[in-house]
Amino acid sequence: MAEPVLGNPQNTIEVLKKYNFTFQKKYGQNFLIDTHVLDKIIRVAGIRKEDFVLEIGPGIGTMTQYLAQAAGKVAAVEIDKALIPILEDTLSEYNNVKIIQADVLKLDIQKMLEEERWERPFKVVANLPYYITTPIIMGLFEMHVPIESITVMVQKEVAERMQAGPGTKDYGALSLAVQYYARPYIAANVPPNCFMPRPKVGSAVICLRRHEEPPVRVEDEALMFRIIRASFNQRRKTLANGLNNAPDLDIPKEVIIESIRKIGKEAGVRGETLTLEEFAELSNYICKQM
Ligand code: SAM
């Protein structure tokens, strides 16, 4: 199988020139041009020959070449039609890559796996378009497809929010949602000069290893996530006020106060101090009384 060549910036420039490619800001196009970072992502994701990898946003196919070398099969989903002929060229020597032109947010991943006759868990690896990081990651988890892990390049701040714990400034609804589904681990910080063009923000590689079983028992997942969002919507308010003022929650005030007391907290507690276990317990009490 061919050696990956696109990690070298000179080769990336040549491909871009050959196809007269213009970067589309609206698609969050920042292509990787650092072989060490590419090697690190493959290592962190633990890609092996028996793996099926879904790559989101292959760009000109730089990371796809590395993935194709390491994995058994790669499905690369790219929204930008202008990149498809380029991908067909740069990946022509790899017979284990399927290029799919689609918006990943609208792709039926279960159907794609069935078409590829893949029945086991799969891995997601991507240098994500930063403008839709959260909908992509939450969409993947909520779709309930058999994901083993998600290893992605994201904005550094977003990686820190995913990994944050209670009582810290980065802790929020994203931390709790990610940690309900997976164990996050920031594997590397990546500076802007590893990309072309350079992004305005720092980046980080984060690996989300999916829990086999959710770490907490929840009666009504949707209710728990509405409670979590309401608790963080009004950061400086108490948890009771946050829940009481939430437009998409209709919980009687006395039920809120009684449930907060039942989980052993004071009436004036703030949402950002609660752990995932406490949010689960709180939502289970509220659920029982509704
Ligand atoms: N993987 C390449 C690399 O590392 O050099 C490119 C990464 S670039 C940060 C993000 C890629 O995602 C771009 O190729 C962009 O066109 C693509 N993209 C943006 N929105 C998308 C979407 N909704 N569905 C699929 N691909 C998308």
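Residues numbered from 1 in each chain as written. Predicted model: local features only at pLDDT ≥ 70, side-chain atom pairs only at ≥ 80, totals over all residues. Heavy atoms only, no water.

Participant: Looking at this model, I keep getting lost on the pattern of salt bridges. Mind explaining?
Facilitator: Oppositely charged side chains can pair when the atoms bearing their charge come close. Counted according to the given criterion, the structure contains 11 salt bridges. One salt bridge in this structure joins Glu 219 and Arg 217, with 2.7 Å as the shortest N-O distance. Classification of Arg 217 by relative accessible area gives exposed; the value is 59%. Look at the salt bridges and you will find they share partners, linking Lys 73, Lys 98 and Glu 116 into a network. (Salt bridge = Lys/Arg side-chain N within 4 Å of Asp/Glu carboxyl O. Buried < 20%, exposed > 50% of the residue type's maximum accessible area, 1.4 Å probe, protein only.)

Participant: Even after reading the chapter, I still don't get the site of the ligand, so can you show me in this structure?
Facilitator: Close to the ligand lie 23 residues, the nearest being Leu 32, Gly 57, Glu 78, Asp 103 and Asn 127. In this structure, Gly 57 approaches the ligand through a main-chain N or O atom, which is 2.8 Å from a nitrogen atom. Protein burial of the ligand: of its 600 Å² of free accessible surface, 99% is covered by the chains. Because more than half of its atoms lie within 2 Å of the grid, the ligand is assigned to the largest pocket. For the shell around the ligand, the secondary structure elements donating two or more residues are strand S1 (31-32) and strand S3 (73-78). For the shell around the ligand, the class distribution of residues is 13 nonpolar, 6 polar and 4 charged. (Near = heavy atom within 4 Å. Polar contact = N/O pair within 3.5 Å; in protein donor to acceptor, adjacent residues only side chain to side chain. Areas by Shrake-Rupley, 256 points an atom, 1.4 Å probe, with all protein chains shown as cover. 1 Å grid on protein atoms, 1.4 Å probe; cavity = no way out; pocket = protein on both sides within 12 Å on 5 of 7 lines; lining within 4 Å. Sits in = over half its atoms within 2 Å of the grid points. Helix = DSSP H or I, 4+ residues; strand = E, 2+ residues; numbered from the N terminus. Nonpolar A, V, L, I, M, F, W, Y, C, P; charged D, E, K, R; others polar.)

Participant: So what exactly am I meant to see when it comes to the environment of Thr 168 here?
Facilitator: Mapped onto the elements of the fold, Thr 168 is located in the loop between helix H7 (156-163) and helix H8 (173-181). What makes Thr 168 partly exposed here is its relative accessible area of 37%. Residues Thr 168 and Pro 129, 39 residues apart in the sequence, show an inter-C-alpha distance of 26 Å.

Participant: Help me understand H8, please; the structure alone is not making it clear to me.
Facilitator: Since the α-helix packs 3.6 residues into each turn, any two residues three or four apart lie on the same face. Within H8, 7 of the 9 residues are buried, which leaves the element mostly enclosed by the surrounding structure. When H8 is considered as a whole, its buried residues turn out to be Leu 174, Ser 175, Leu 176, Ala 177, Val 178, Tyr 180 and Tyr 181. Considering only its buried residues, H8 is in contact with helix H6 (133-142), H7, strand S7 (182-190), strand S9 (203-210), helix H9 (221-233) and helix H12 (276-288). (Contact = heavy atoms within 4.5 Å.)

Participant: Is there a simple way to explain helix H2 (residues 35-45) in this structure?
Facilitator: When we look at burial in H2, the residues that qualify are Val 37, Leu 38, Ile 41, Ile 42, Val 44 and Ala 45. Buried residues along H2 cover an arc of 165° about the axis, so they all sit on one side. Exposed and facing more than 90 degrees away from the buried side of H2 are His 36 and Arg 43. Along its buried surface, H2 packs onto S1, helix H3 (62-70), strand S5 (122-127), strand S6 (147-155), S7 and S9. Two or three places before His 36, at the opening of H2, Asp 34 has a side-chain oxygen 2.9 Å from that residue's backbone nitrogen. At the C-terminal side of H2, Gly 46 shows a positive phi close to 60°. (Arc of directions from axis to C-beta.)

Participant: When you look at the domain arrangement of the protein in this model, what are you seeing that I'm missing?
Facilitator: Interfaces are often sized by the accessible area lost when the parts come together. Domain boundaries assigned for the protein yield domain 1 (9-210) and domain 2 (221-289). Counting residues at the interface gives 12 residues for domain 1 and 13 residues for domain 2. Where domain 1 abuts domain 2, roughly 960 Å² becomes buried across the two surfaces, and 68% of that area is made up of carbon and sulfur atoms. At the surface where domain 1 touches domain 2, the tally comes to 0 salt bridges. The class makeup of the residues in the side of domain 1 that touches domain 2 is 7 nonpolar, 4 polar and 1 charged. (Domains from an automatic or database assignment. Buried area = accessible area lost by both parts, 1.4 Å probe.)

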